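Tertiary structure, described
Here's the letter readout for the chains.
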Amino acid sequence: MEPITLGSLAVWNHKVSNAKARILIIHGLSEHSGRHLNTVEYLNKNLFEVVRFDLRGAGRSGGKRQWIQSFQDYVDDTIAVFNWVERELPSLPLFVLGHSLGGAIAISFAWQYPSALAQDKKTEDAAVARTRKQVQMLDDLYKTAIVLITEHYVKSDTDLPAGSAFKALFSN
(Lines give C-alpha, C1' and ligand atoms only; values in the text may rest on other atoms or scores of the structure.)
Protein backbone atom coordinates (compact mmCIF):
# COMPACT_ATOMS: atom_id res chain seq x y z
CA MET A 1 0.00 0.00 0.00
CA GLU A 2 1.41 3.36 -1.00
CA PRO A 3 1.12 6.25 1.46
CA ILE A 4 -0.96 9.36 1.02
CA THR A 5 1.31 12.40 1.10
CA LEU A 6 0.13 15.08 3.49
CA GLY A 7 2.71 17.86 3.30
CA SER A 8 5.89 16.01 4.24
CA LEU A 9 4.01 13.31 6.17
CA ALA A 10 3.40 9.79 4.86
CA VAL A 11 -0.09 8.61 5.86
CA TRP A 12 -1.85 5.27 5.36
CA ASN A 13 -5.58 4.59 5.70
CA HIS A 14 -6.44 0.94 6.33
CA LYS A 15 -10.17 0.82 5.53
CA VAL A 16 -12.65 -1.87 6.48
CA SER A 17 -16.30 -2.30 5.56
CA ASN A 18 -18.77 -1.57 8.35
CA ALA A 19 -16.11 -0.07 10.63
CA LYS A 20 -17.17 0.45 14.26
CA ALA A 21 -14.65 3.24 14.80
CA ARG A 22 -11.35 4.63 13.58
CA ILE A 23 -8.01 4.26 15.38
CA LEU A 24 -5.21 6.77 14.76
CA ILE A 25 -1.86 5.10 15.53
CA ILE A 26 1.14 7.21 16.57
CA HIS A 27 4.48 5.39 16.62
CA GLY A 28 7.35 5.84 19.07
CA LEU A 29 10.82 7.37 18.92
CA SER A 30 13.34 5.98 16.42
CA GLU A 31 10.75 3.84 14.62
CA HIS A 32 8.00 4.20 12.01
CA SER A 33 4.34 3.29 11.72
CA GLY A 34 5.10 0.20 9.63
CA ARG A 35 6.29 -1.52 12.80
CA HIS A 36 2.67 -1.67 13.90
CA LEU A 37 1.22 -3.56 10.93
CA ASN A 38 0.35 -6.57 13.12
CA THR A 39 -1.73 -4.23 15.29
CA VAL A 40 -3.35 -2.75 12.17
CA GLU A 41 -4.23 -6.23 10.92
CA TYR A 42 -5.74 -7.21 14.28
CA LEU A 43 -7.78 -3.99 14.50
CA ASN A 44 -9.00 -4.35 10.91
CA LYS A 45 -10.12 -7.94 11.58
CA ASN A 46 -12.14 -6.58 14.51
CA LEU A 47 -13.81 -3.93 12.31
CA PHE A 48 -11.71 -0.92 13.27
CA GLU A 49 -10.47 1.32 10.48
CA VAL A 50 -6.88 2.40 11.11
CA VAL A 51 -5.01 5.53 10.08
CA ARG A 52 -1.28 5.48 10.71
CA PHE A 53 1.45 7.93 9.77
CA ASP A 54 5.17 8.44 10.09
CA LEU A 55 6.10 11.41 12.24
CA ARG A 56 8.36 14.04 10.67
CA GLY A 57 11.90 12.75 10.33
CA ALA A 58 10.81 9.10 10.61
CA GLY A 59 10.01 6.31 8.19
CA ARG A 60 8.77 7.58 4.85
CA SER A 61 7.97 11.11 6.05
CA GLY A 62 10.22 13.99 5.15
CA GLY A 63 12.40 15.98 7.49
CA LYS A 64 15.74 15.57 9.16
CA ARG A 65 15.89 12.14 10.81
CA GLN A 66 14.71 12.25 14.44
CA TRP A 67 14.96 16.05 14.64
CA ILE A 68 12.36 18.44 16.01
CA GLN A 69 12.52 21.98 17.28
CA SER A 70 9.83 21.32 19.89
CA PHE A 71 7.70 18.44 21.16
CA GLN A 72 4.76 20.43 19.77
CA ASP A 73 6.08 19.60 16.28
CA TYR A 74 4.97 15.99 16.85
CA VAL A 75 1.59 17.15 18.15
CA ASP A 76 1.26 19.39 15.09
CA ASP A 77 1.91 16.36 12.86
CA THR A 78 -0.92 14.57 14.65
CA ILE A 79 -3.20 17.59 14.26
CA ALA A 80 -2.44 17.71 10.51
CA VAL A 81 -3.40 14.04 10.14
CA PHE A 82 -6.48 14.50 12.32
CA ASN A 83 -7.60 17.47 10.19
CA TRP A 84 -7.12 15.37 7.04
CA VAL A 85 -9.19 12.55 8.57
CA GLU A 86 -11.98 14.97 9.49
CA ARG A 87 -11.94 16.59 6.06
CA GLU A 88 -11.49 13.55 3.79
CA LEU A 89 -12.87 10.44 5.50
CA PRO A 90 -16.39 9.40 6.49
CA SER A 91 -17.30 10.28 10.05
CA LEU A 92 -16.49 7.60 12.64
CA PRO A 93 -15.73 7.75 16.37
CA LEU A 94 -11.98 8.37 16.71
CA PHE A 95 -9.59 6.79 19.19
CA VAL A 96 -5.86 7.46 19.39
CA LEU A 97 -3.34 4.70 20.10
CA GLY A 98 0.21 5.79 20.85
CA HIS A 99 3.22 3.53 21.40
CA SER A 100 6.05 4.78 23.64
CA LEU A 101 6.75 8.40 22.63
CA GLY A 102 3.60 8.13 20.53
CA GLY A 103 1.70 7.67 23.79
CA ALA A 104 3.02 10.99 25.09
CA ILE A 105 2.08 12.61 21.77
CA ALA A 106 -1.40 11.06 21.96
CA ILE A 107 -1.89 12.36 25.51
CA SER A 108 -0.76 15.83 24.53
CA PHE A 109 -3.03 15.79 21.46
CA ALA A 110 -6.00 14.63 23.56
CA TRP A 111 -5.26 17.28 26.19
CA GLN A 112 -5.09 20.06 23.61
CA TYR A 113 -8.06 18.80 21.53
CA PRO A 114 -10.36 16.78 23.79
CA SER A 115 -13.37 17.32 21.52
CA ALA A 116 -11.56 15.49 18.69
CA LEU A 117 -11.85 12.08 20.33
CA ALA A 118 -14.75 9.72 20.93
CA GLN A 119 -15.97 10.35 24.44
CA ASP A 120 -18.45 9.11 26.95
CA LYS A 121 -19.65 12.37 28.49
CA LYS A 122 -20.29 10.59 31.83
CA THR A 123 -16.53 10.24 32.36
CA GLU A 124 -15.90 14.01 32.35
CA ASP A 125 -15.32 14.09 36.11
CA ALA A 126 -12.57 14.43 38.71
CA ALA A 127 -10.52 11.61 37.14
CA VAL A 128 -10.39 13.48 33.83
CA ALA A 129 -9.43 16.70 35.61
CA ARG A 130 -6.61 14.85 37.44
CA THR A 131 -5.41 13.31 34.17
CA ARG A 132 -5.31 16.72 32.52
CA LYS A 133 -3.18 18.06 35.39
CA GLN A 134 -0.83 15.08 35.06
CA VAL A 135 -0.53 15.63 31.32
CA GLN A 136 0.34 19.29 31.93
CA MET A 137 3.01 18.20 34.43
CA LEU A 138 4.46 15.69 31.93
CA ASP A 139 4.42 18.33 29.20
CA ASP A 140 6.32 20.75 31.48
CA LEU A 141 8.80 18.02 32.41
CA TYR A 142 9.37 17.10 28.75
CA LYS A 143 9.91 20.74 27.79
CA THR A 144 12.45 21.08 30.62
CA ALA A 145 14.29 17.94 29.44
CA ILE A 146 14.41 19.28 25.88
CA VAL A 147 15.90 22.56 27.14
CA LEU A 148 18.53 20.64 29.14
CA ILE A 149 19.39 18.45 26.16
CA THR A 150 19.59 21.46 23.87
CA GLU A 151 21.72 23.53 26.26
CA HIS A 152 24.18 20.76 27.12
CA TYR A 153 24.39 18.50 24.08
CA VAL A 154 23.20 20.31 20.96
CA LYS A 155 25.53 22.98 19.61
CA SER A 156 24.30 22.97 16.01
CA ASP A 157 21.57 21.34 13.97
CA THR A 158 24.03 18.62 12.94
CA ASP A 159 24.54 17.50 16.54
CA LEU A 160 22.86 14.66 18.37
CA PRO A 161 19.39 13.61 17.22
CA ALA A 162 16.78 13.14 19.93
CA GLY A 163 17.49 9.44 20.64
CA SER A 164 21.25 9.99 21.00
CA ALA A 165 20.76 13.07 23.16
CA PHE A 166 18.41 11.10 25.43
CA LYS A 167 21.02 8.34 25.82
CA ALA A 168 23.77 10.87 26.51
CA LEU A 169 21.67 12.62 29.16
CA PHE A 170 20.29 9.54 30.96
CA SER A 171 22.93 6.82 30.57
CA ASN A 172 25.18 5.85 33.47
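This write-up is about the structure you can find in this document. (Residues numbered from 1 in each chain as written. Predicted model: local features only at pLDDT ≥ 70, side-chain atom pairs only at ≥ 80, totals over all residues. Heavy atoms only, no water.)

All right, on to helix 1 (residues 37-45) then. Within the sequence span of helix 1, burial applies to V40, L43 and N44. For helix 1, the arc enclosing every buried residue in end-on projection is 100 degrees, short of the 170-degree limit, so these residues lie on one face. Away from its buried face by more than 90 degrees, helix 1 exposes N38, Y42 and K45. In the core, the buried residues of helix 1 are packed alongside strand 2 (9-14), strand 3 (21-26) and strand 4 (48-54). (Buried < 20%, exposed > 50% of the residue type's maximum accessible area, 1.4 Å probe, protein only. Helix = DSSP H or I, 4+ residues; strand = E, 2+ residues; numbered from the N terminus. Arc of directions from axis to C-beta. Contact = heavy atoms within 4.5 Å.)

Our next topic: the nonpolar core. Generally speaking, a soluble globular protein has its nonpolar side chains buried in company with each other. Grouped together as the largest cluster of nonpolar side chains are 25 residues, with contacts concentrated most on V11, V51, F53, Y74, V81, W84 and I105. Going through the elements one at a time, strand 2, strand 3, strand 4, helix 2 (71-88) and helix 3 (101-112) are the ones with two or more residues in this core. For this core, the leading source of residues is helix 2, giving eight residues. Residues within four places of V51 in sequence aside, it is in contact with V11, W12, N13, R22, I23, L24, I25, V81, W84, V85 and L89. Within the second largest apolar cluster, five residues are counted, among which are I23, I25, L43 and V50. (Core = buried A, V, L, I, M, F, W, Y, C linked by side-chain atoms within 4.5 Å.)

A complete count under the given rule lists seven salt bridges for this structure. The salt bridge involving E2 is made with R60; its shortest N-O contact spans 3.1 Å. One end of the pair, E2, is in the segment before strand 1 (4-6); the other, R60, is in the loop between strand 4 and helix 2, with 58 residues separating them in the sequence. The shortest N-O distance in the salt bridge between R56 and D73 comes to 4.0 Å. With R56 in the loop between strand 4 and helix 2 and D73 in helix 2, this residue pair connects regions lying 17 residues apart in the sequence. Residue R56 is classed as partly exposed on the basis of its relative accessible area, which comes to 26%. (Salt bridge = Lys/Arg side-chain N within 4 Å of Asp/Glu carboxyl O.)

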